[in-house]
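# Observations on the model geometry
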Amino acid sequence: MTFHKYHGTGNDFVIIDDRNRQFDETNHARIAHLCHRRFGIGADGLMLLRNLAGYDFEMVYFNADGRPSSMCGNGGRCLVAFAKFLGVIQDTAQFLAVDGPHEARVESDGTVRLKMQDVDPPQAAGPHDTFLNTGSPHHIRFLPTGLDELNVFAEGRALRYGEPYGAAGANINFVELPADPAHTWPVRTYERGVEDETLSCGTGVTAVALAASARGATSPVRLRTPGGQLEVAFEQRPDGGFENVWLSGPAVRVFSGEVEE
Ligand SMILES: N[C@@H](CCC[C@H](N)C(=O)O)C(=O)O
């Protein structure tokens, strides 16, 4: 089976061209094996690109644990770059993901801009904490300082399994408040389904940018993850929710190869 390896600011994915629908999406153990960093190809998630009437393609996403999950922003951007690599699209795309239809654009410098679903108003989740669903559930903790030294694995894991999230869990984002809200916002994320810190999370930085608007950030918000820079543009609705939300950044093809069927 031919596979393709992509990353979006270090959030990495195995991608399969499944237009002929031969991939067994019910074999979660195999998907986890393909994502395993020692026994497999290694990735934070696996995606299938499938044909779908009325759209350029369908995005089918699995976390590294092999299970299907909610929306992946960096994954969506990488799948758009892959669709262009295949010749399925030129510079624009309309595709369906688990959270609904998305549009996207590939800029001349390779930046992929992905339109996200409208987002409900943020919910307070603690004195310095906010919750938003940007296609995936995200808990956000704002820190005055100390992001570089933080044990994101331990702190993220405790919050991910704690109340109110329970077994379903949430992704946990830690953000250091910049000296000026117009500056870049540094973010580190613990991802459920990977069960570890990843180098970047697209729906995570989207949630952070929207939550940061209550702390003075204005669109477009620049965010720095351990794997690189992303940008989020948005408009706030009168009810406190958000529309016209666009996630932008690089999406890079790393290599392609063959694995045992
Ligand atoms: N890395 C993703 C988020 C993927 C889904 C997440 N792990 C979950 O299960 O909620 C992104 O870039 O958005």
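Keep in mind the model is a prediction, meaning the values are calculated, not measured. (Residues numbered from 1 in each chain as written. Predicted model: local features only at pLDDT ≥ 70, side-chain atom pairs only at ≥ 80, totals over all residues.)

Turning our attention to the site of the ligand. With respect to spatial proximity, 18 residues lie near the ligand, and among them S69, N74, S136, G202 and T203 are the closest. Of all the secondary-structure elements, those providing two or more residues to the shell around the ligand are α2 (73–86) and α4 (202–212). A per-class count over the shell around the ligand returns 3 nonpolar, 13 polar and 2 charged. Residue-level mapping places the shell around the ligand at the junction of two domains, with at least three residues from each of domain 1 (2–115 + 250–258) and domain 2 (123–246). (Near = placed C-beta within 6 Å. Helix = DSSP H or I, 4+ residues; strand = E, 2+ residues; numbered from the N terminus. Nonpolar A, V, L, I, M, F, W, Y, C, P; charged D, E, K, R; others polar. Domains from an automatic or database assignment.)

For the rest of this paragraph, the subject is the nonpolar core. Membership of the largest hydrophobic core comes to 63 residues, with the highest contact counts inside it found for I15, M47, V80, V208 and A209. The element best represented in this core is α4, accounting for 7 residues. Both domain 1 (2–115 + 250–258) and domain 2 (123–246) contribute no fewer than three residues apiece to this core. The contact partners of A209, leaving out residues within four places of it in the chain, are A217, V221, L223, V232 and F234. (Core = buried A, V, L, I, M, F, W, Y, C linked by C-beta atoms within 7 Å. Buried ≥ 20, exposed ≤ 12 C-beta atoms within 10 Å, placed from the backbone. Contact = placed C-beta atoms within 7 Å.)

We now examine the pairing of strand β1 (residues 2–8). Pairing between β1 and strand β17 (residues 252–258): 6 bridges, direction antiparallel. Directly across from Y6, in β17, lies its bridge partner R253. Sheet analysis places β1 next to strand β2 (residues 11–17), joined by 5 bridges and oriented antiparallel. Directly across from H4, in β2, lies its bridge partner I15. Between β1 and β2, which pair antiparallel in sequence order, lie 2 residues; one of them, T9, sits at a positive phi of approximately 45°. (Pairing = 2+ DSSP bridges.)

A few words on the domain arrangement of the chain. Taken domain by domain, the chain comprises domain 1 (2–115 + 250–258) and domain 2 (123–246). With 21 residues of domain 1 in contact, the opposing surface of domain 2 contributes 20 residues. Breaking the side of domain 1 that touches domain 2 down by element, the ones donating at least two residues are α2 and β7 (112–115).

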